[in-house]
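A closer look at the structure
The lines below spell out each chain.
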Amino acid sequence: MDPLARRPAGIVLDTAALLAYASGDLKVGEIVALLADRGESVVIPAACLATAYRDVDEEGSGLLDLIASLEHAIVAPLTRGHCAVAGGWSRILGLDTAHAAIEAASNPVTPLMTEHRSLVIRFLPKAWPIVDV
Amino acid sequence: MRTRKACYVPAVLASSGMTDYRRGMTRKIAISVPDDVAARLEREPNVSAFVAESVRIRMAAESVRETMAAAGFELTPQGRARAAAELDALHAGVTPQLRREAAELKARLRRGQAG
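Residues numbered from 1 in each chain as written. Chains lettered and ligands numbered in written order. Predicted model: local features only at pLDDT ≥ 70, side-chain atom pairs only at ≥ 80, totals over all residues.

**Focus on the overall build of chain A**
- Along chain A, the regular secondary structure elements total six helices and five strands.
- Its helices and strands taken in sequence order, chain A reads β-α-α-β-α-α-β-α-β-α-β from the N to the C terminus.
- For 133 residues, the compact-globule formula gives about 14 Å, and the C-alpha radius of gyration of chain A, at 14 Å, lands near that figure.
- A buried classification covers 53% of the 133 residues belonging to chain A.
- The contacts in chain A between residues at least 6 apart in sequence include a share of 65% that link residues at least 24 apart. (Helix = DSSP H or I, 4+ residues; strand = E, 2+ residues; numbered from the N terminus. Rg over C-alpha atoms; globule rule 2.2 N^0.38 Å. Buried ≥ 20, exposed ≤ 12 C-beta atoms within 10 Å, placed from the backbone. Contact = placed C-beta atoms within 7 Å.)

**Section: the nonpolar core**
- The biggest cluster of nonpolar side chains holds 57 residues, and the ones touching the most others in it are A:Ile11, A:Leu13, A:Leu18, A:Ile44 and A:Ala101.
- Counting the residues that make up this core, at least three belong to each of domain 2 (44-74) and domain 3 (76-115) of chain B.
- Not counting residues within four places of it along the chain, the set of residues in contact with A:Leu18 comprises A:Leu13, A:Ile44, A:Cys48, A:Leu49, A:Ala52 and A:Leu64. (Core = buried A, V, L, I, M, F, W, Y, C linked by C-beta atoms within 7 Å. Domains from an automatic or database assignment.)

**Re the interface of chain B and chain A**
- Across the contact, 37 residues belong to chain B and 32 residues belong to chain A.
- Counting residues per element, the ones that place at least two in the side of chain B that touches chain A are α2 (47-70), α3 (77-92) and α4 (96-111) of chain B.
- Here the side of chain B that touches chain A is composed, by residue class, of 18 nonpolar, nine polar and 10 charged. (Nonpolar A, V, L, I, M, F, W, Y, C, P; charged D, E, K, R; others polar.)

**Quick look at the packing of helix α1 (residues 15-22) of chain A against helix α4 (residues 58-69) of chain A**
Residue and element names in this part refer to chain A.
- Remark: α1 packs on α4, axes separated minimally by 9 Å, with the N-to-C direction vectors making an angle of 115°. The angle between α1 and α4 falls in the class roughly perpendicular. The two elements α1 and α4 meet at a crossing, and its hand is right-handed. Together, Leu 18, Tyr 21 and Ala 22 of α1 and Gly 60, Leu 63, Leu 64 and Ile 67 of α4 make up the contact between the two elements.
- Counted by class, the contact of α1 with α4 contains six nonpolar, one polar and no charged residues. (Axes fitted to C-alpha atoms, helices over the stretch in contact; angles between N-to-C directions. Parallel < 35°, antiparallel > 145°, perpendicular 65-115°, else oblique. Left-handed = near helix turned anticlockwise from the far one by under 90°.)

**A few points about the sheet that holds strand β1 (residues 9-13) of chain A**
All names here are of chain A.
- The five strands lie next to each other as β3-β2-β1-β4-β5, forming an open sheet whose pairing is parallel. Both edges of this open sheet fall to β3 (73-76) and β5 (130-132), since each of them pairs with a single strand only. Ignoring strand direction, the axes of neighbouring strands in this sheet form an average angle of 25°.
- Note that strand β4 (residues 112-114) and β5 share three bridges and pair parallel. Pairing of Thr 114 across the sheet is with Asp 132, part of β5.
- Along the sheet, α1 contacts β1, β2 (41-45) and β4; its crossing angle with β4, the most-contacted strand, is approximately 70°. (Pairing = 2+ DSSP bridges.)

**Brief notes about helix α2 (residues 26-37) of chain A**
- Over its 12 residues, α2(A) runs 16 Å from end to end, which matches the ideal 16 Å to within 8%, given 1.5 Å per residue.
- Counting buried residues along α2(A), nine of its 12 residues qualify, which places the element largely inside the surrounding structure.
- Within α2(A), burial applies to A:Val28, A:Gly29, A:Glu30, A:Ile31, A:Val32, A:Ala33, A:Leu34, A:Leu35 and A:Ala36.
- As for α2(A), its buried residues are in contact with β1, α1, β2 and α4 of chain A together with α2 and α3 of chain B.
- Following α2(A) by one or two positions, A:Gly39 has its phi on the positive side, about 75°. (Expected span 1.5 Å × (residues − 1).)

**Thoughts on the domain arrangement of chain B**
- Domain boundaries assigned for chain B yield domain 1 (1-41), domain 2 (44-74) and domain 3 (76-115).
- Averaged C-alpha coordinates put domain 2 of chain B and domain 3 of chain B at centres separated by 24 Å.

**Comments concerning the environment of A:Thr110**
Residue and element names in this part refer to chain A.
- Here Thr 110 shows up in the loop between α5 (83-106) and β4.
- For the pair Thr 110 and Gly 10, spaced 100 residues apart in the sequence, the C-alpha separation amounts to 6.2 Å.
- Here Thr 110 is in contact with Ala 9, Ile 11, Val 12, Val 43 and Ala 104, once residues within four sequence places are set aside.

What follows is the structure, encoded as structure tokens:
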């Protein structure tokens, strides 16, 4: 296996974080670059990436292409084993944010970048590390 | 800081006419490293693999910064410091209690029972 594929998860980006990045938000960009420096990965839930593509223009779409192709980015699929939980959580969070919360919880206490802090902590432990968009 | 000669083996491939290196091929090189780095490397069962992986991470980081800069992100040392401070503060706030809760949640996720 490529050693880079074994990088620990450094952050999970939800749709809002991806949209902020796609609009040129430097805060997201700095975090993405920092995690590359640290040898950690940026986890992009596929449901969030798809939702972000829905909401961006051509320029933003190009930036989403770029972030998903970075060497330390992992586009995480929504797996069969998580579908039941994703469905339940999506009643409150929406499917994309539910997928992001699941990805955060599936790794060892991985920070989640989101604009839905108050909703997400209904499902994750209250002290979960969250970066507000 | 002092440096210590970690190893020295002359490159041999060039003399054999193999000049077209591809990823996966290897070449022996001599490097000098500080004492603390040498001490760390001495704990590795496969020093070459450890060094290669470390350098590849550095190469990937350089590539990421170049790619993002080309896309118009004006990354700065100050911005990097702010990002590092925010993430480090979050990690510092991870308590053993949170780790236990996270492990329990992860186990429930595996069973599909985290409703």
